[in-house]
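# Structural overview
The chain contents come next:
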Amino acid sequence: MDGITELPESSRNALVKGRWKSSWEAVWPSLPQEAIDHLPGTGWRHSWKRRARDLIWLALMAPIFGGIFYLAYWVRFDGEIPPANWASFQRMWVWVILIKLVVFGGFRFHRSWTRYVTFYDLIWLVEAATVSEIGIALADRLWMVQKLIPRSVLILDWGITVVGIGGIRAGWRMLYERRWLPFFSRGAIPIFIVGANDAGEALLRTLSRRNTGWNYVVVGFVDEDASRVGSHIGGVPVVGTLDQIAYLAEKYEVGEILILSDALPGRQVRRLIQQTEQLGVRVRVLPSYEQILSGRVTIRPRPVAIEDLLRREPVRLDLQEIRHWIDGRRLLVTGSAGSIGSEICRQLLQFSPSLLILIDRSETGQFFLERQLQRLGSGVPYEVLLADVLDRSRMEYILDRYRPEIVFHAAAYKHVPLLERHPTEAVKNIVRATRQLADLAMEKAVHSFVLISTDKAVNPTSVMGACKRAAEIYVQSLRALSACRFVTVRFGNVLDSAGSVVPVFRQQIAEGGPVTVTDPRMCRYFMTIPEAAKLVIQAGAIGRSGEILLLDMGEPVRILDLAEDMIRLSGLRPGVDIEIVFTGIRPGEKLSEELHLPGEKRLATSHPKILLADCTRRDPEFVRAAILRLEQLADLHQDQAILQALHELIPQFQAQPPVAQEFLPRQDHRQAA
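Residues numbered from 1 in each chain as written. Predicted model: local features only at pLDDT ≥ 70, side-chain atom pairs only at ≥ 80, totals over all residues. Heavy atoms only, no water.

### Some details on the pairing of strand 1 (residues 189-194)
The pairing of strand 1 with strand 2 (residues 216-223) spans six bridges and is parallel. Paired with Ile 193 across the two strands is Phe 221, which belongs to strand 2. Judged from the three bridges that link them, strand 1 and strand 5 (residues 256-260) form a sheet pairing that is parallel. Considered in strand 5, the bridge of Ile 191 is made with Glu 256. (Pairing = 2+ DSSP bridges. Helix = DSSP H or I, 4+ residues; strand = E, 2+ residues; numbered from the N terminus.)

As structure tokens, this is what we get:
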């Protein structure tokens, strides 16, 4: 009855009282069968309908089974049945029909007669036919005075039953799907499915059902593997490879191409769109089964998104190693309301920590994070706390109370131009916060400390990058001072994170432009948020104390290409419908980012997407003194002295003169062009 309580009150009353047939019919499809059976006056309806279907099935199958038994005799004796055998047929045919009806009915063979026919249904059919023939043979031997049915007739009856019933079911499904009848496909959109694999076959099955509401007819599969060309899946041919997509789309006059999310790397999706753009063929994306099962998406096709163009091969985690590290332990995540921090929290829910402690100073962010975790309902216990990592006494209290064993430190400022104007705040929020939390981790016997860093720490040209590098150096220097395992994870830009370039471009396109790009030569590495969070957890599991681990970021992407792709995916033309304006490189920015320092060796790890940066470690006493001096200068608001101190600690840092915020003129993007 639980399904009834979720209905609107008016519909519920109409159902219970049985007064309004229209209300009953409106809500009937949404009710579970248990709820329907308990409704007044509805149990008999369901029972009557089932009995009616069973009787219809018996009426249809009885002559079919009788005909198969006669055909077995007819084939055995080449169409001329001797009188003695004809007499045995007449004595046994009623028993044969009854036995088959009982056996096939016991197998519930009639309950899924039309819509779903698979290989397992064939096995089921063979089992039912075999049991029925055994029953017929036993009846022939035990019940009759003498053996009447020849063994060859039993074998023929078994074979004709399997072929005949299987053929009827297959033909009924063909009629149901209507893919094989051209006059039923008039007006349907001819499409290609990318991927001649299990996922493609499942998608074909879904699209073939006539009640999906999609007016599609699949005319072919396209696949990366040339060896699959010429084969068939569900009766649909594999017509060619992705390299031939433009020629094939024109040849078969397809209107759309469907791909599953995560099925292709971003570069191939980009090439696919470029090849079909001139033909007016739409490329659409369906969610992957992982996304469907998580309940985050609907099953409707959607236009290609920028995430599809930048996506690489899916990240596969070593779950056993991560579970050994995480399960049963108390975990703490700082910056939990941020893009990376919140995704780390969601990813950690798939494991079995004893407690998840989430810390951020953003009240609004923590509020919505807690609501989201409640909806996910993973069963992992968690505490959502308001706290500032710079507040040492508050953090000490939290570590004493909850005693976390693993710390993911994701809290930090990240906007480069803004921190160029506020170096004191950058030092406090990045350097001091990391130093205080790392020191507390040592004092409170934390097992593992994972610092999340950035590619901007490599040969830094910004205050933000230099502060991140200083935090890296400090955490790395603690290896010899503590049993705590200090690991640093370094990666580049995170796609669609708060305040990043993608949401900025999206807003500018929605407003009609212009889209502002700093420089046409600017390139960046990109990862999706889930990909980065997964690899951070994996790196934390495999890293050893003092190591800096690099995430494989793939190939860099030109920001100008990114902007043009986003404009095209919005159905507009770059430079025609939406103007692109170049504003010039902002303070602290580089044309291209790097993931490792000069002289750092990149070594392989146990995970193919994670590399080890083998760099020289500094003297712990020197590093600590330099970090404390930086913090002291920040307390005194000595911006120029901070830049000099950062340069002394990080010789690669090329400091730029600080710009006072009150004298910074607003830049008009159109004038800058």
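### Structural notes on the nonpolar core
With 52 residues, the main nonpolar core has Met 395, Ile 398 and Phe 449 as its most contacted residues. Within the residue set of this core, elements represented by two or more residues are strand 9 (355-360), helix 17 (392-402), helix 18 (416-420), helix 19 (423-443), strand 12 (448-454), helix 20 (463-477), helix 24 (620-635) and helix 25 (639-649). Apart from residues no more than four positions distant in its own chain, Met 395 is found in contact with Ile 359, Ala 387, Asp 388, Val 389, Leu 437 and Leu 440. Within the second largest apolar cluster, 42 residues are counted, among which are Leu 317, Leu 348, Phe 351 and Ile 542. (Core = buried A, V, L, I, M, F, W, Y, C linked by side-chain atoms within 4.5 Å. Buried < 20%, exposed > 50% of the residue type's maximum accessible area, 1.4 Å probe, protein only. Contact = heavy atoms within 4.5 Å.)

### Details of helix 16 (residues 363-376)
Between the first and last C-alpha of helix 16 there are 20 Å, a value that for 14 residues agrees with the 20 Å anticipated at 1.5 Å per step. Listing the buried residues of helix 16 in full gives Gly 365, Gln 366, Leu 369 and Leu 373. Angular distribution of buried residues about the axis of helix 16 spans 90°; they occupy a single face of the element. In helix 16, the exposed positions that point more than 90 degrees away from the buried face belong to Glu 363, Phe 368, Gln 374 and Arg 375. Contact partners of the buried residues in helix 16: helix 15 (339-348), strand 9 and strand 10 (382-386). Positioned one or two residues after helix 16, Gly 377 has a phi angle of 55°, which is positive. (Expected span 1.5 Å × (residues − 1). Arc of directions from axis to C-beta.)

### Considering the packing of aromatic side chains
In this structure the tally under the stated criterion is 12 aromatic pairs. Plain terms: the ring middles of Tyr 73 and Phe 89 are 5.5 Å apart, the flat faces sit at 75° to each other, and that makes the pair edge-to-face. One end of the pair, Tyr 73, is in helix 5 (residues 43-76); the other, Phe 89, is in helix 6 (residues 83-106), and 16 residues separate them in sequence. Judged on exposure class, the residue Tyr 73 and its partner Phe 89 are both buried. (Phe/Tyr/Trp six-rings, centres within 6.5 Å; stacked < 30°, edge-to-face > 60°.)

### Considering the environment of Val 131
When you line up the elements, Val 131 lands in helix 7 (residues 119-142). The sequence separation of Val 131 and Trp 158 amounts to 27 residues, and the corresponding C-alpha distance is 9.7 Å. With sequence-adjacent residues up to four places away left out, Val 131 is seen in contact with Val 103 and Phe 107.

### Comments concerning the packing of helix 21 (residues 501-510) against helix 23 (residues 559-569)
Packed helix pairs are characterised by how far apart their axes lie and by the angle those axes make with each other. Their axes nearest at 10 Å, the elements helix 21 and helix 23 cross at an angle of 45°. Considering their axes alone, helix 21 and helix 23 lie oblique with respect to each other. Crossing angle aside, the handedness with which helix 21 passes helix 23 is right-handed. Facing helix 21, whose interface residues are Val 501, Val 502, Phe 505, Arg 506 and Ile 509, helix 23 presents Ile 559, Leu 562, Ala 563, Met 566 and Ile 567. Tallied by class, residues from the contact of helix 21 with helix 23 come to nine nonpolar, no polar and one charged. (Axes fitted to C-alpha atoms, helices over the stretch in contact; angles between N-to-C directions. Parallel < 35°, antiparallel > 145°, perpendicular 65-115°, else oblique. Left-handed = near helix turned anticlockwise from the far one by under 90°. Nonpolar A, V, L, I, M, F, W, Y, C, P; charged D, E, K, R; others polar.)

### Observations concerning the environment of Ile 473
With respect to the helices, strands and loops of the structure, Ile 473 is situated in helix 20. Taking the C-alpha atoms as reference points, Ile 473 and Ile 548, separated by 75 residues in sequence, lie 9.7 Å from one another.

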